[in-house]
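# Residue-level structure breakdown
Single-letter residue listing:
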2 protein chains.
Amino acid sequence: MLGRASLTDVARAAGVSVGAASKALRGKPGVSEATRKKVNEIAERLNYEPNPIAQTLVSGKSGSIGMFAADQGSFSSPIMAGVQNELSANGVTVLLSNAFGDVRLERQCIDALLARNVDGLLIVNHNTNIRPPLHEEVPVPVVYAYAASSDERDCSITVDNVEAGRMAVRHMAEIGRDRIAIVCGEASSKAAIDRLQGAMEMMDELGLTPVNIPRFGTWMAEWSRQEILRLIDAGTAFDAVICQSDVLAMGALDVLHTHGISVPQDVALMGHDDWGPIVLNTNPPLTSMSNALDEIGRLAARRLMDAMDGKPSHGVEYASCALMRRASTDC
Amino acid sequence: MLGRASLTDVARAAGVSVGAASKALRGKPGVSEATRKKVNEIAERLNYEPNPIAQTLVSGKSGSIGMFAADQGSFSSPIMAGVQNELSANGVTVLLSNAFGDVRLERQCIDALLARNVDGLLIVNHNTNIRPPLHEEVPVPVVYAYAASSDERDCSITVDNVEAGRMAVRHMAEIGRDRIAIVCGEASSKAAIDRLQGAMEMMDELGLTPVNIPRFGTWMAEWSRQEILRLIDAGTAFDAVICQSDVLAMGALDVLHTHGISVPQDVALMGHDDWGPIVLNTNPPLTSMSNALDEIGRLAARRLMDAMDGKPSHGVEYASCALMRRASTDC
DNA sequence: TTGTAGGCGTTATCAC
DNA sequence: GTGATAACGCCTACAA
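Residues numbered from 1 in each chain as written. Chains lettered and ligands numbered in written order. Predicted model: local features only at pLDDT ≥ 70, side-chain atom pairs only at ≥ 80, totals over all residues. Heavy atoms only, no water.

In the annotation of an unreviewed UniProt entry, the entry for chain A reads Substrate-binding domain-containing protein, and the organism field reads Bifidobacterium aerophilum.

### Some words on unusual backbone geometry
Excluding glycine, residues mostly have negative phi values, and the peptide bonds linking residues are mostly trans. To keep it simple, the criterion reads: The buried label goes to any residue with under 20% of its type's maximum accessible area, the exposed label to any with over 50%, and the partly exposed label to all in between, with areas taken from a 1.4 Å probe on protein chains only. Secondary structure elements follow DSSP: runs of H or I no shorter than four residues count as helices, runs of E no shorter than two count as strands, and numbering proceeds from the N terminus.
Omega for the bond connecting A:Val263 with A:Pro264 falls within 30 degrees of zero, at 5°, which places this linkage in the cis form. Even without being glycine, B:Asp273 reaches a positive phi, approximately 105°. For B:Asp273, a relative accessible area of 12% translates into the label buried. Notably, B:Ala292 is not glycine yet its phi reads approximately 55°, a positive angle. Relative to the helices and strands, B:Ala292 resides in the loop between β9 (287-290) and α12 (293-308).

### A closer look at the packing of aromatic side chains
Residues and elements named next belong to chain A. We count it as follows: Pairing of aromatic rings covers Phe, Tyr and Trp, the last counted by its six-membered ring, and requires centre-to-centre distances within 6.5 Å; plane angles under 30 degrees mean stacked, over 60 mean edge-to-face, and any other angle means tilted.
On inspection of all chains with the given rule, the structure shows five aromatic pairs over all chains. Judged by centre distance (6.2 Å) and plane angle (70°), the ring pair of Phe 75 and Tyr 146 falls under edge-to-face. Of this pair, Phe 75 sits in the loop between β1 (64-69) and α5 (76-88) while Tyr 146 sits in the loop between β4 (142-145) and β5 (155-159), placing them 71 residues apart in sequence. Phe 75 gets classed as buried once you look at its relative accessible area, which sits at 17%.

### With respect to the protein's contact with DNA strand D
We count it as follows: When at least one non-hydrogen atom of a residue lies within 4 Å of a molecule or strand, that residue is treated as near it. Two N or O atoms form a polar contact when they lie within 3.5 Å of each other; inside protein one atom must be a possible hydrogen donor and the other a possible acceptor, and for residues adjacent in sequence the pair counts only when both atoms belong to side chains. In this classification, Asp, Glu, Lys and Arg are treated as charged, Ala, Val, Leu, Ile, Met, Phe, Trp, Tyr, Cys and Pro as nonpolar, and every other residue, Gly included, as polar.
The full set close to DNA strand D counts 24 residues, and A:Leu7, A:Gln55, B:Gly30, B:Ser32 and B:Thr35 are the nearest of them. Contact between DNA strand D and A:Gln55: a phosphate oxygen at 2.9 Å from a side-chain N or O atom of the residue. Residue assignment for the surface near DNA strand D shows that the elements contributing at least two residues are α2 (18-25) and α4 (52-59) of chain A together with α2 (18-25) and α4 (52-59) of chain B. Counting residues per element, the surface near DNA strand D draws most heavily on α4(A), at three residues. Broken down by class, the residue content of the surface near DNA strand D amounts to 10 nonpolar, 10 polar and four charged.

### Structural notes on the relation of the copies chain B and chain A
Our working definition: Here the copies were fitted onto each other by least squares, based on C-alpha atoms from residues at pLDDT of at least 70 in both. Contact definition: two residues touch when any of their heavy atoms are within 4.5 Å.
By a simple turn and slide, chain B fits onto chain A: the slide is 0.0 Å along the axis, the RMSD is 0.1 Å, and the turn is 180°. Considering both components of the superposition, the chain copies are consistent with a two-fold axis. Rotation axis and chain B: the residue whose C-alpha lies nearest the axis is B:Leu95, separated from it by 2.2 Å. Interface overlap between copies: 100% of the residues of chain B at the interface are likewise at the interface in chain A, consistent with a symmetric, same-surface contact.

### A short note on the pattern of salt bridges
Here is the rule we go by: In the sections that follow, a salt bridge refers to a side-chain nitrogen of Lys or Arg positioned within 4 Å of a carboxyl oxygen of Asp or Glu.
Overall, the coordinates contain 46 salt bridges over all chains when judged by the stated rule. We note a salt bridge from A:Asp306 to A:Arg303, for which the minimum N-O separation is 3.6 Å. Here A:Asp306 pairs with A:Arg303, and both are found in helix α12 (residues 293-308), just three residues apart, close to one helical turn. Taking relative accessible area as the criterion, A:Asp306 reaches 27% and is therefore assigned partly exposed. By relative accessible area, A:Arg303 is classed as buried at 18%. Ionic pairing is found between B:Arg298 and B:Glu86, a salt bridge with its closest N-O pair at 3.8 Å. Placement of the pair is B:Arg298 in helix α12 and B:Glu86 in helix α5 (residues 76-88), with a sequence separation of 212 residues. The exposure class assigned to B:Arg298 is partly exposed, which follows from its relative accessible area of 28%. Judged by its relative accessible area of 16%, B:Glu86 falls in the buried class. Each of A:Glu86, A:Asp294, A:Arg298 and A:Arg302 takes part in one network of salt bridges that share partners.

Given below as structure tokens:
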């Protein structure tokens, strides 16, 4: 049990006024050392904790932020975990709100958060597609995580998928592969577009050309199976496959095995997202580009806190993605 | 922008006292119809919303609950989503706190939530192992989700893994398979133990015996590969494999394919957990027992709200798991 | 250095 | 039916 003792209780027990007690507890000047010491002792003994609700009411600041998940998806959770990790270390509480992808709910979710006097807003999406900024003007700082705001003046934290695409190709080249096939995800996904752009850039810089014409499809393994099958049926020679997601890589691996093509000896294979349940359980374990979701969360939280301190950031900032090297490219 | 207008503003604009305005807005008796109408009009025009912080301060009730994630894991998110879904529909805000598996953090997380006057507490774990109840006495109702409390008087919502184990075997029998192998997860996991118990019970009732001696191992696909390999090497005949997780089933599928055993024709295969990214992307798609995570979340939220309304529940309640039938047992 | 008073926005309890 | 007034717990003047 906690919080039962009020400031009044402490003041009375210490034989001083609430005003004095308040100052003493908060380390403000204008109190004698003797009083300060006594008040602190009593507070300790009474297990006194200031009531955040009352503090909020009088100050307008709540020491909490609102985390708004615009949609649902497995990528949101690690981001939110990063956010919480960073914030709870600083004593900031998180109010959660979720629109489950329903855009019409967005406004009322934000309003509910605002009504509880959150000091800042963190907008999380589960993909990296550019998103519209909040409809209305909000009176607190806002940071967007993963999906960047279309308004350049907003502060957004996301991952640099172009760079991720580049790193993937560079890795394949570094292990000596030069006949690289690329399996893309959905055309409507900015992640797919960016990763492809980066991959093609790096291919170009290295004087390489993909052995297939990269085509957009879906994020399902079935699509990847089709693509690899097509490659095999066409008799195309290839020694590396970069899939734009781990699920796609899982599908590719399936077809490769079925055709007696061994990974990584015959074909090196890698994915994107570095999604634990998959990359650690395929055979062999899958090399993948990490999205740095946890770091995005931490970074977003830090930028938000800075902004709440009056030091706002603007524009898009990128968490640095990393290559997670495993057996599927270990040769 | 919202919430700027206070009750005082409304009262002044309507030319009545705050007391009258309050009663009018809240539909309480003791106000003339004329006054009520006028006040409501003004409030509407001023876009008035009562300040939840002030309401909390005076009433001690905050209209919010604390959701505490004791640990981190992919099963927590769907549960939390279910909780939010149910609560937000009832205008209840969720304060989030996460101990990331650090038991020493637990108490201070709970205290932080309590300090913000949450009206109830929802404790979520990412596995079904029985967990100790909250250390200290808390002054609000508590509901445990997924991991049940060891105290029978507490209210816990989880999934009936014994029943899930039974259903899995029954399904295999229904599609005509009677030489069933079972691959278990970790011995330290109650889910593994319960699913095995259920499976053995049903085997018994049907007069069947597993073709292997079910052994506990790990939750990694590697373990499952070993088990299936051992089975094949031993020359054991089998026409069905039940894996205690989808990841394990993924490993099994891998080995079966490698050995030219087709699923489901030669061997029917199923998993547990019904985990989207896996079950929909294996080839063939994987039949699996759903853990009803979303329903657990909803149910837990509902029980908590009931308890906050003075109608507490006690003991363990089970969300009903369901068989998700897909191609891997479609024969 | 201290204590007192006013106010944050609401609700509830009184008199009127 | 209505309007003051006192809480809720805290903070920040200002007065002693």
